[in-house]
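# Tertiary structure, described
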Amino acid sequence: MLAFFGGKRMLFGLMIVGGTLLLVAAAWLGFQNRSSESLRSNAVTAAVVGVAGLLATLWFSLKAPDAREAVFPVVFVLDTQ
């Protein structure tokens with residue numbers, strides 16, 4: 001179904017919209033609980049763990065592929081007539 005609507009561009013757009021909605025929801029929840037002492041004391045730890053998880057995900061998922069040798073089979077047909 002995604003191929004019908006634009007394939008990878010559509011998926012990328014959905015990821016951007018979903019990520020933005022999650023960020024807005026997290027900011028709203030944080031604002032609603034801004035006077036909570038436990039939120040203040042644990043926010044830095046949660047942010048550090050989140051950034052470390054993001055970096056680890058990017059590090060292991062975006063590794064360059066192993067070098068491969070490209071060999072293309074070729075057949076020559078000579079018509080001498």
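Scroll up a little and you will see the structure.
### Concerning the overall build of the protein chain
- Looking only at helices and strands, one finds 2 helices and 0 strands in the protein chain.
- Counting the 81 residues in the protein chain, one finds 1% classified as buried.

### Things to note about the environment of Ser 36
- For Ser 36, the position within the fold is in the loop between helix H1 (8-32) and helix H2 (37-61).
- Here Ser 38 takes part through its side chain, which lies 3.2 Å from a polar atom of the side chain of Ser 36.

### Considerations on a nonpolar patch on the surface
- A cluster of nonpolar residues, Val 51, Leu 54, Leu 55, Leu 58 and Leu 62, forms a patch on the protein surface that exposes about 500 Å² of accessible area.
- Looking at the secondary structure, you find Leu 55 in helix H2.
- Look at Leu 55 and you get exposed, because its relative accessible area is 52%.

Definitions and cut-offs
- Residues numbered from 1 in each chain as written.
- Predicted model: local features only at pLDDT ≥ 70, side-chain atom pairs only at ≥ 80, totals over all residues.
- Heavy atoms only, no water.
- Helix = DSSP H or I, 4+ residues; strand = E, 2+ residues; numbered from the N terminus.
- Buried < 20%, exposed > 50% of the residue type's maximum accessible area, 1.4 Å probe, protein only.
- Polar contact = N/O pair within 3.5 Å; in protein donor to acceptor, adjacent residues only side chain to side chain.
- Patch = residues over 30% accessible without salt bridge, like charges linked within 9 Å, V, L, I, M, F, W, Y side chains within 5 Å.
- Areas by Shrake-Rupley, 256 points an atom, 1.4 Å probe, with all protein chains shown as cover.
- Salt bridge = Lys/Arg side-chain N within 4 Å of Asp/Glu carboxyl O.

Keep in mind that these numbers describe shape and distance, not what the molecule does.
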